[in-house]
Amino acid sequence: MGAGKIIAYIVAAILIFFGVLFIWGAFSPQGEVGWILIGAISAGIGLVLIYFASRKSAAPSGDANNVTLKIDLPGNVSLDTMKCKSCGGTLSSENIHMVAGAPVVTCPYCKTTYQLTEDPKW
Ligand SMILES: [Zn+2]
């Protein structure tokens, strides 16, 4: 889990390093104006990588968790660990209602209503 973030930071550092080198080189006697653009793009990608890598750690209940929840949901569903797909709030059995034979979750925190993919056992 942390390895991907470390790789993202290393790649970002390399991109920014070469980006700065290109911009710097553009001002040297044998430099070309186009290098500024290449350097800016390279450094820009690096900054975007850092932004996404740091955002992931800041919000652990973000997109990554929603994907895991969706995969884990069919079969045994532990209500203790059930979380709202949109705000990450903890849900209880009182937030789940049967609508037309399908379990529908209504989040008490953000008022989002959505259907569970499979009938949980309880
Ligand atoms: Zn919610």
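Residues numbered from 1 in each chain as written. Predicted model: local features only at pLDDT ≥ 70, side-chain atom pairs only at ≥ 80, totals over all residues. Heavy atoms only, no water.

Undergrad: With reference to specific residues and values, describe the overall build of the protein chain.
TA: In terms of regular secondary structure, the protein chain is built from three helices and three strands. Each helix and strand of the protein chain, placed in order from N terminus to C terminus, yields the pattern α-α-α-β-β-β. Looking at the protein chain as a whole, 24% of its 122 residues qualify as buried. For the protein chain, contacts bridging at least 24 residues in sequence account for 38% of all contacts bridging at least 6. Carbon together with sulfur atoms contributes 67% to the accessible area of the protein chain, which is approximately 8400 Å² in total. (Helix = DSSP H or I, 4+ residues; strand = E, 2+ residues; numbered from the N terminus. Buried < 20%, exposed > 50% of the residue type's maximum accessible area, 1.4 Å probe, protein only. Contact = heavy atoms within 4.5 Å. Areas by Shrake-Rupley, 256 points an atom, 1.4 Å probe, with all protein chains shown as cover.)

Undergrad: Let's hear about the coordination of the zinc ion: which residues, and what values?
TA: Around the zinc ion, the protein contributes the donor atoms C84 (SG), C87 (SG), C107 (SG) and C110 (SG), at 2.2 to 2.3 Å from the metal centre. With four donor atoms in place around the zinc ion and angles of 105 to 114 degrees between them, the coordination shape is tetrahedral. All donors of the zinc ion belong to a single chain; written as a sequence motif, their spacing is C-x2-C-x19-C-x2-C. Residue C87 is found in the loop between α3 (63–72) and β1 (96–99), and its partner C110 is found in the loop between β2 (102–106) and β3 (113–115); the two are separated by 23 residues along the sequence. For C87, a relative accessible area of 35% corresponds to the partly exposed category. Given a relative accessible area of 32%, C110 falls into the partly exposed group. (Donors = N, O, S within 2.8 Å, 3.2 Å for Na, K, Ca; no water. Tetrahedral: all angles 85-135°; square planar, octahedral: opposite > 155°, others 65-115°.)

Undergrad: For the pairing of β2, give the residues involved together with the corresponding values.
TA: Across the five residues of β2, four count as buried, placing the element largely inside the fold. Of the strand pairs in this sheet, β1 and β2 are connected by four bridges, and their pairing is antiparallel. What sits directly across from I96, in β2, is V105. Direction of pairing for β2 relative to β3: antiparallel, over a ladder of three bridges. Within the sheet, the bridge partner assigned to T106 lies in β3 and is T113. Count of turn residues in the β2/β3 antiparallel hairpin: six residues, of which K111 carries a positive phi of about 65 degrees. (Pairing = 2+ DSSP bridges.)

Undergrad: Any details on a nonpolar patch on the surface? Residues and values, ideally.
TA: On the surface, I6, I10, I14, F17, F18, L21, F22, W24 and I38 cluster together into a nonpolar patch covering about 920 Å² of accessible area. The dominant element in the nonpolar patch, judged by the number of residues it contributes, is helix α1 (residues 2–26), at eight residues. The topology assignment puts I14 in helix α1. Relative accessible area serves as the criterion here: at 43%, I14 is assigned to the partly exposed category. (Patch = residues over 30% accessible without salt bridge, like charges linked within 9 Å, V, L, I, M, F, W, Y side chains within 5 Å. Salt bridge = Lys/Arg side-chain N within 4 Å of Asp/Glu carboxyl O.)

Undergrad: Account for the environment of I38, with residues named and values stated.
TA: When you line up the elements, I38 lands in helix α2 (residues 34–58). For I38, a relative accessible area of 44% puts it in the partly exposed group. C-alpha of I38 to C-alpha of V20: the two residues are 18 residues apart in sequence and 9.8 Å apart in space.

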